[in-house]
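The residues making up each chain are set out below.
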Amino acid sequence: MFKILKSWLNNSLIALLLVTLFLGVSTAGWTPSSSAALPAGNAITDGGALLRYALPIDNKPVRELQASLEDISNQLRANRRWGAVSKDLSKASRILDKPAQLLVTVPDERKPQAEAWISELKSGVNTLQEVAKTKDKEQVKEQRAKLLNLVSLLEESMVKEFPFEVPSEYSNLPQLKGRATVEIKTTKGDLTVVVDGYSTPVTSGNFVDLVQRGFYNGLEFTRSEESYVLQTGDPPGKDVGFVDPKTGKYRAIPLEVLVKGDKKPTYGITLEEAGRYVDLPVLPFSAFGALALARPERDVNGGSSQVFFFLFEPELTPAGRNLLDGRYAVFGYLTEGKEVLDELKAGDKIESARVIQGIENLVEPDVA
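What you see is a predicted model, and the numbers here were worked out from it, not measured in a lab. (Residues numbered from 1 in each chain as written. Predicted model: local features only at pLDDT ≥ 70, side-chain atom pairs only at ≥ 80, totals over all residues. Heavy atoms only, no water.)

**Student:** Please set out helix α2 (residues 47–54) residue by residue, giving values where relevant.
**Tutor:** The element α2 is largely enclosed, with a buried count of six among its eight residues. When α2 is considered as a whole, its buried residues turn out to be G47, A49, L50, L51, R52 and A54. Turning to α2, the residues buried within the fold contact α3 (60–77), α7 (137–156), β2 (179–186), β3 (189–196) and β12 (329–336). (Buried < 20%, exposed > 50% of the residue type's maximum accessible area, 1.4 Å probe, protein only. Helix = DSSP H or I, 4+ residues; strand = E, 2+ residues; numbered from the N terminus. Contact = heavy atoms within 4.5 Å.)

Right, dumping it as structure tokens:
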């Protein structure tokens, strides 16, 4: 019932073309085919970066600061272009020299903490400029990661309120009005995921609510395909999703996708069916460990408890767009435990899952 794909071909350009053609024609019974071309571009493949860009804020300088630090990773991969790294850091330093532009969108009560982060960022960029002169790639990557964590905190402090109203027809479902961090202990090690309710409040709320209920504790990973997916959330017995003990009914979650540039998500229809062939979701399938809601093959609103991690392989994914985008709802990303996720297979188990941050953002249903 909850099939995602039969297989994922790999290892060659020919295989990639075959997959693209196969998905464009059939997609294992998910949705009608389309003839849309894939837009060119470099997909963002870091879950942390995608989460930062997904925050509902409007501050150009902080986005430029983030972009300059994100770009360092690209330069290190491209034959260690140290001159370009130096330019990125110089740009970051210039932005930090004008803190008022960064603080303008921070609420007054948060400004003292934001000022402290800006000061720490300024010091950290100066340190990283010295480290870059040694051309020590690993030290540069480590320091850059610390700076981006500070950027995340600064950007999160700029979020003033939940950015839209969820349709009233979904008031009977849990909603996450913000973000939550979930720790998942497995038989192979620990995973940490950040769930983004700003982009998918209903899908995220459902998952966080189930984590709080202990629903995933002891469940097996039921399906794994190398370089493609790892799926879990199928409860023991005949049920294939969560049955609410209060109602005795299957909790169905609508397909929920926020498109870049839109003010609120679309519900109940794939982007392909909506004719939005080249529109990109705010949370795309372009990072290893993207977490998405599984659903029945022909029911876009039939998802419930089953979820899957996408095991992204850049060389197998068209740049700028993944063929799953807009057909399934990504609602978070793995932030820690990449090596563990890479090792997990069908038959391995979730020992426990718990919310370690952001539970205050979970809003219980208004209607039973």
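**Student:** Give a detailed account of the nonpolar core, specifying residues and quantitative values.
**Tutor:** The nonpolar side chains of a soluble globular protein tend to be buried, and buried together. Judged by nonpolar contacts, the single largest core of 94 residues is most densely connected at L69, F207, Y216, F285, F309 and L341. If you tally residues by element for this core, the top one is helix α6 (residues 111–133), at eight residues. Sequence-distant contacts of F285, defined by excluding residues within four places in its chain, comprise A290, A292, F308, F310, F312, N322, L324, D325, Y328 and V330. (Core = buried A, V, L, I, M, F, W, Y, C linked by side-chain atoms within 4.5 Å.)

**Student:** Go over empty space enclosed by the protein with me, naming the residues and quoting the values.
**Tutor:** Counted according to the given criterion, the structure contains three cavities of 30 Å³ or more. Taken together, I184, F207, Y216, F221, T232, V307, F309, I350 and A353 make up the lining of the largest cavity. Sorting the residues of the lining of the largest cavity by element identifies β11 (307–310) and β13 (350–357) as the ones contributing at least two each. Of the residues belonging to the lining of the largest cavity, the class tally is eight nonpolar, one polar and no charged. In terms of lining, the second largest cavity is formed by I253, P254, L255, L293, A294, R295, V300, G303 and A329. Classifying every residue of the lining of the second largest cavity gives seven nonpolar, one polar and one charged. (1 Å grid on protein atoms, 1.4 Å probe; cavity = no way out; pocket = protein on both sides within 12 Å on 5 of 7 lines; lining within 4 Å. Points joined across faces, edges and corners; volume = space filled by probe spheres on them. Nonpolar A, V, L, I, M, F, W, Y, C, P; charged D, E, K, R; others polar.)

**Student:** Break down the packing of α2 against α3 for me, citing the residues and quoting the values.
**Tutor:** Interhelical geometry of α2 versus α3 gives an angle of 170° and a closest axis separation of 11 Å. By the angle between their axes, α2 is roughly antiparallel relative to α3. Within the contact between the two elements, α2 uses A49, R52 and Y53 and α3 uses R63, Q66, A67 and E70. Looking at side-chain class alone, the contact of α2 with α3 contains three nonpolar, one polar and three charged residues. (Axes fitted to C-alpha atoms, helices over the stretch in contact; angles between N-to-C directions. Parallel < 35°, antiparallel > 145°, perpendicular 65-115°, else oblique.)

**Student:** Lay out the sheet that holds strand β10 (residues 290–293) in plain terms, naming residues and giving numbers.
**Tutor:** Strand pairing within a sheet occurs via backbone hydrogen bonds; the two strands may be parallel or antiparallel. Here we have eight strands laid out as an open sheet, ordered β4-β5-β11-β10-β12-β3-β2-β13, and antiparallel in their pairing. Looking at strand neighbours, the two that pair on one side only are β4 (221–225) and β13, the edges of this open sheet. Strand after strand, the sheet turns through a mean of 25° between neighbouring axes, direction not considered. This element, α2, spans β2, β3 and β12 of the sheet and lies at about 125° to β12. (Pairing = 2+ DSSP bridges.)

**Student:** An account of the pairing of β10 is needed here, citing residue identities and associated values.
**Tutor:** Where burial is concerned, the two faces of β10 agree: the one with A290 and A292 and the one with L291 and L293 are both buried. Bridge count between β10 and β11: four bridges; the pairing is antiparallel. Bridge assignment links A290 to a residue of β11, and that residue is F310. Across four bridges, β10 lies against β12 in antiparallel orientation. Counterpart to A290 in the pairing with β12 is Y333.

**Student:** Lay out the packing of aromatic side chains in plain terms, naming residues and giving numbers.
**Tutor:** The final tally for this structure, using the stated rule, is 11 aromatic pairs. With 5.4 Å between their ring centres and 85° between their planes, F285 and F310 make a pair best called edge-to-face. Of this pair, F285 sits in the loop between β9 (266–267) and β10 while F310 sits in strand β11, and the two are 25 residues apart along the sequence. Using a relative accessible area of 0% as the deciding quantity, one classes F285 as buried. Grouped by ring-pair contacts, the aromatic residues F207, F215, Y216, F242 and F331 constitute a single cluster. In this structure, K177 is placed above the aromatic ring of F162, and the distance from its NZ or CZ to the ring centre is 5.1 Å. (Phe/Tyr/Trp six-rings, centres within 6.5 Å; stacked < 30°, edge-to-face > 60°. Lys NZ or Arg CZ within 6 Å of the ring centre and 35° of its normal.)

**Student:** I'd love a proper account of the packing of helix α4 (residues 82–96) against α6, names of residues and values included.
**Tutor:** Running from N to C, α4 and α6 cross one another at 160°; their axes reach a closest spacing of 10 Å. Here α4 is positioned roughly antiparallel relative to α6, judged by the angle of their axes. Every pair of crossing elements has a handedness; the one defined by α4 and α6 is left-handed. Between α4, through W82, V85, L89, S90, A92, S93 and L96, and α6, the contact on the second element is made entirely by I118, L121, K122, V125, N126, L128, Q129 and A132. Among the residues forming the contact of α4 with α6, the class breakdown is 10 nonpolar, four polar and one charged. (Left-handed = near helix turned anticlockwise from the far one by under 90°.)

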